[in-house]
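Listed below are the residues making up each chain.
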Amino acid sequence: MSRNWPARELPQLDEFNCIDHSDKTNSYNCIAWAVGDTSRWWWPLPLRGGGNYWPEDTPRDETMEAFVTLFKNRGYTECDDGSLEDGNEKVAIFAKVNGRPVPTHAAYQLESGKWTSKLGRFEDVIHDEVTDVDGPAYGVPIVYLRRQRTHHPIINN
Amino acid sequence: MSYQIVEERTTFGELASAHWLQPDGGDVWVASGSYSLRATRKTFDVIFSDAQRFNELAEKWQAERGISSSSTAMILCPSYQAIIGMGPPAIDLILARLKAEGDDPDHWFWALQILTGINPVPEEDEGNVRKMADTWLKWGEGR
């Protein structure tokens, strides 16, 4: 597998803390990946259509509140941090911190304690720390949520 | 991006038909018939100019959107907006590109929806890029 994403946008991600898990694809994004769907691109554009899926149970708002609701509707509750907890799985929602935080990315915690991220239209990867994908593109993790571990439907934990 | 223009002429030297090939061989634009040399050239210049501009903007869009997962960020890229700003001539260019992208179609759906004023994609296929691409290509063939 080759790495196609622009390295300048993920300055902390390197061959020592990250392994590729898929080829690049436009089929799904980080939100879809975090909820375990590799068939659709999830994003809350305000109008229906336009190439995006967003579930009916969640407001079509590009806000942290809406993204938190998305995961709460899937059994998650907010928690303090991304530490590994026995029996739980976590997601982290990222945003840039200048001004009102607008969601940019979500990462999912594997049973090993490592994290997995789908990098936009590029590959999905497994990285050691949730903060390995901090940077100008995604900002930093703003909200963590957890639920009882159900196992990611696609990736081998 | 450079193009190879191939011209065919009548025995009287008039331009009978012409087409151009993209470097990747993927798209072939053809015009033929009883055009005068000047009229054909003018038509070609317009189409060629649109195709060239579209391809340049499409490449620029790849760089501008980076690793963003946000569809909002993707469609607000200046180059994507400029493609929408090309108006109706962009529709066939987008459809040709969508076809050339094959199994991994890109996110041209918002632009198509804005440019055409319709959304032929069934609600259950929303977000599935392959199914959406198939629907739009079928729509294009049926126009």
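Scroll up to find the structure this text is about.
Let me begin by describing the structure that accompanies this report. (Residues numbered from 1 in each chain as written. Chains lettered and ligands numbered in written order. Predicted model: local features only at pLDDT ≥ 70, side-chain atom pairs only at ≥ 80, totals over all residues.)

1. A short note on the overall build of chain A
- When you go through chain A residue by residue, the secondary structure sums to 2 helices and 7 strands.
- In chain A, the succession of helices and strands from N to C terminus is β-α-α-β-β-β-β-β-β.
- Rg of the C-alpha trace for chain A: 14 Å, near the compact-globule value of 15 Å for 157 residues, within the 12% margin.
- Principal-axis analysis of the C-alpha atoms places the extent of chain A at approximately 40 × 35 × 35 Å.
- Taking contacts inside chain A between residues at least 6 apart in sequence as the whole, the part at least 24 apart equals 60%. (Helix = DSSP H or I, 4+ residues; strand = E, 2+ residues; numbered from the N terminus. Rg over C-alpha atoms; globule rule 2.2 N^0.38 Å. Contact = placed C-beta atoms within 7 Å.)

2. Re the interface of chain B and chain A
- With 21 residues of chain B in contact, the opposing surface of chain A contributes 28 residues.
- Every element with two or more residues in the side of chain B that touches chain A is listed here: helix H2 (71–75), helix H5 (109–116) and helix H6 (129–141) of chain B.
- At 3 residues, H5 of chain B tops the list of elements feeding residues into the side of chain B that touches chain A.
- Grouping the amino acids of the side of chain B that touches chain A by side-chain chemistry returns 7 nonpolar, 11 polar and 3 charged. (Nonpolar A, V, L, I, M, F, W, Y, C, P; charged D, E, K, R; others polar.)

3. A look at the environment of Leu119 of chain A
- Tracing the sequence through the fold places Leu119 of chain A in the loop between strand E5 (115–118) and strand E6 (124–127).
- The spacing of Leu119 of chain A and Ala106 of chain A is 13 residues in sequence and 9.6 Å in space, taken between C-alpha atoms.
- The contact partners of Leu119 of chain A, leaving out residues within four places of it in the chain, are Trp5, Asp124 and Val125 of chain A together with Ile67 of chain B.

4. Here's the deal with the pairing of strand E4 (residues 103–109) of chain A
All names here are of chain A.
- Here E4 lies mainly inside the structure; 7 of its 7 residues are buried.
- Here 5 bridges tie strand E3 (residues 88–95) to E4, and the two strands are oriented antiparallel to one another. Bridging from a neighbouring strand, Ile93 pairs with Ala106 of E4.
- Inspection of the sheet shows E4 paired to E5 by 2 bridges, in the antiparallel sense. In the strand pairing of E5, Gln109 is matched with Trp115.
- Taking the residues that link successive antiparallel strands as the turn, the E4-E5 hairpin has 5 residues, and the phi of Gly113 there is positive, at about 95°. (Buried ≥ 20, exposed ≤ 12 C-beta atoms within 10 Å, placed from the backbone. Pairing = 2+ DSSP bridges.)

5. Topic: H6 of chain B
All names here are of chain B.
- Given a rise of 1.5 Å per residue, 13 residues ought to cover 18 Å, and the 18 Å separating the end C-alpha atoms of H6 matches this to within 8%.
- Those residues of H6 that fall on the buried side of the exposure criterion are Val129, Met132, Ala133 and Trp136. Buried residues of H6 fall within an arc of 100° about the axis and therefore sit on the same side. Away from its buried face, by an angle of more than 90 degrees, H6 presents the exposed residues Lys138 and Glu141.
- Elements in contact with the buried residues of H6: helix H4 (89–100) and H5. (Expected span 1.5 Å × (residues − 1). Arc of directions from axis to C-beta.)

6. Let's talk about the environment of Val102 of chain A
Residue and element names in this part refer to chain A.
- Positionally, Val102 belongs in the loop between E3 and E4.
- Residue Val102 is classed as partly exposed on the basis of its 16 C-beta neighbours within 10 Å.
- Separated by 10 residues in sequence, Val102 and Ser112 place their C-alpha atoms 29 Å apart.
- Aside from chain neighbours lying at most four places away, what touches Val102 is Glu62, Ala95 and Lys96.

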